[in-house]
Amino acid sequence: MLRTDDGVRIDAAHTPPVHPGDGGGGEGGAGVGIVVAHGFTGSWRERTARRIVHVLSGYGGVVAFDFRGHGRSSGESTVGDLEILDVAAAVRHARVVGYDRIAVVGFSMGAAVALRHAALHRGVDAVVAVSGPARWYYRGTKPMRQVHWAIEQPVGRLVARMAKRTRIARGRWDPIPMPPHEAAGLVSPAPLLVVHGDSDTFFPLEHAHQLYDGAREPKELWIEPGYGHAESAATPELIHRIGKWITTNLS
């Protein structure tokens, strides 16, 4: 259980690295730490997230956690605003347990938070933004209209609490957080990898291009054919490639 700078308790787990020869397919070492930030209503305890952690542990030690308002973490979700403090707590813990090179891998909302954390807090060595939005308040797809209903309507917040164990703070952002595409421009000199699927039903490819165009070198953009959205659609092959990208850039 980690604690953020504003006193929120964050449920987390540390998975040590699997060294080459131990069945992890790993190229990582004890010096590389990977922080995994899940999407909205997600949890590190879900099977898809645990599968991702298992693969990434072949490339470094992994700290996975639940954002505030999710699962066993305390507090309420601010849907991408104060969550940068949650990432900061996970990064701090990764350094405490001995990792000196830290990459943050974020999915969907977690991608936006990873970008904002790297831009505002600095102190990470690489960022991977998977299936992330480039801007706030996007409602151009049916799934995102449903997300906004869950965030903005009392009955929607109740459904999220009962069905997804996600407690969402009431009220609007004030001030509005820096949008992800602007944060992407402040990640450098840490390398940034933007990963997006051409079958994403939440955020179309324009979001990936806006993130990439807003970033400075070093940066890469992977458009994945047939890939849907975030953790649930991520194949082990894609996660292995992300792990290899991390170790290549942190070696």
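Here the residue numbering is sequential within each chain, running from 1 through the sequence in written order. Where totals are concerned, whole chains, interfaces and linings use all residues; where local detail is concerned, this predicted model gives features only for residues with pLDDT of at least 70, and gives and counts side-chain atom pairs only at 80 or more. Only hydrogens and water are removed before side-chain values are computed, so all heavy atoms of the structure are retained for them.

Student: What is the right way to look at the packing of helix H2 (residues 83–96) against helix H3 (residues 109–120) in this model?
Tutor: Geometrically, a packed helix pair is captured by the angle between its two axes and the distance between the axes. Where H2 contacts H3, the two axes come as close as 9 Å, and the packing angle between them is 75 degrees. Overall, the two elements H2 and H3 adopt an arrangement that is roughly perpendicular. On H3, the residues touching Glu83, Ile84, Val87, Ala88 and Val91 of H2 are Met109, Val113, Arg116, His117 and Leu120. Side-chain classes follow a simple rule in which Ala, Val, Leu, Ile, Met, Phe, Trp, Tyr, Cys and Pro form the nonpolar group, Asp, Glu, Lys and Arg form the charged group, and the remainder, Gly included, forms the polar group. Of the residues that constitute the contact of H2 with H3, the class distribution is seven nonpolar, one polar and two charged. All axes here are fitted lines through C-alpha atoms, helices being fitted over the stretch that makes contact, and every angle between N-to-C directions spans 0 to 180 degrees. For the purposes of this entry, the term helix denotes a DSSP run of H or I that reaches at least four residues, the term strand denotes a run of E that reaches at least two, and both are numbered from the N terminus. Oblique is the label for any angle not under 35 degrees, not over 145, and not in the 65 to 115 range, which are roughly parallel, roughly antiparallel and roughly perpendicular in turn. Contacts are assigned to residue pairs with any non-hydrogen atoms lying within 4.5 Å of each other.

Student: Is there a simple way to think about the environment of Gly80 in this case?
Tutor: Checked against the element boundaries, Gly80 lands in the loop between strand S5 (61–65) and H2. Accessibility here uses a 1.4 Å probe with only protein chains present; expressed as a share of the type maximum, an area under 20% marks a residue as buried, one over 50% as exposed, and anything in between as partly exposed. In this structure Gly80 comes out as buried when scored by relative accessible area, which is 0%. With 79 residues separating them in the primary sequence, Gly80 and Val159 have C-alpha atoms 19 Å apart.

Student: I'm lost on the pairing of S5 in this one. Help?
Tutor: In the case of a regular strand, side chains alternate between the two sheet surfaces. The element S5 is largely enclosed, with a buried count of five among its five residues. Burial along S5 is two-sided: Gly61, Val63 and Phe65 facing one way and Val62 and Ala64 facing the other are all buried. Pairing between strands is defined by DSSP: at least two bridges between the two strands are required. Note: strand S3 (residues 12–15) against S5, four bridges, orientation antiparallel. Looking at S5, one finds that Ala13 is bridged to Ala64. For strand S4 (residues 32–37) and S5, the ladder comprises five bridges, and the chain directions are parallel. Bridging across to S5, Ile34 finds its partner in Val62. Here the term right-handed applies to a crossover when the path leading from its first strand over the helix to its second strand runs clockwise, the strands being oriented away from the viewer. For the crossover from S4 across helix H1 (residues 47–56) to S5, the handedness is right-handed.

Student: Mind showing me how you'd approach the pattern of salt bridges here?
Tutor: Pairing is possible between side chains of opposite charge, provided their charged atoms come close. Each salt bridge in this description consists of a side-chain nitrogen of Lys or Arg and a carboxyl oxygen of Asp or Glu lying within 4 Å of one another. The tally for this structure, following the rule as stated, stands at 11 salt bridges. Asp125 is the partner of Arg95 in a salt bridge, and the nearest nitrogen-oxygen pair spans 3.4 Å. Separated by 30 residues along the polypeptide, Arg95 in helix H2 and Asp125 in the loop between H3 and strand S7 (126–130) bring together distant segments of the chain. Look at Arg95 and you get partly exposed, because its relative accessible area is 33%. Ionic contacts of the salt-bridge type, sharing partners, join the residues Asp6, Arg68 and Asp86 into one network.

Student: I tried to follow helix H4 (residues 142–152) on my own but got confused; where do I start?
Tutor: Those residues of H4 that sit buried are Pro143, Met144, Val147, His148, Ala150 and Ile151. Across the axial projection of H4, the buried residues extend over an arc of 160 degrees, all falling on one side. The inward-facing, buried residues of H4 contact helix H5 (154–164). Note that the arc is computed from the directions linking the helix axis to the C-beta atoms.

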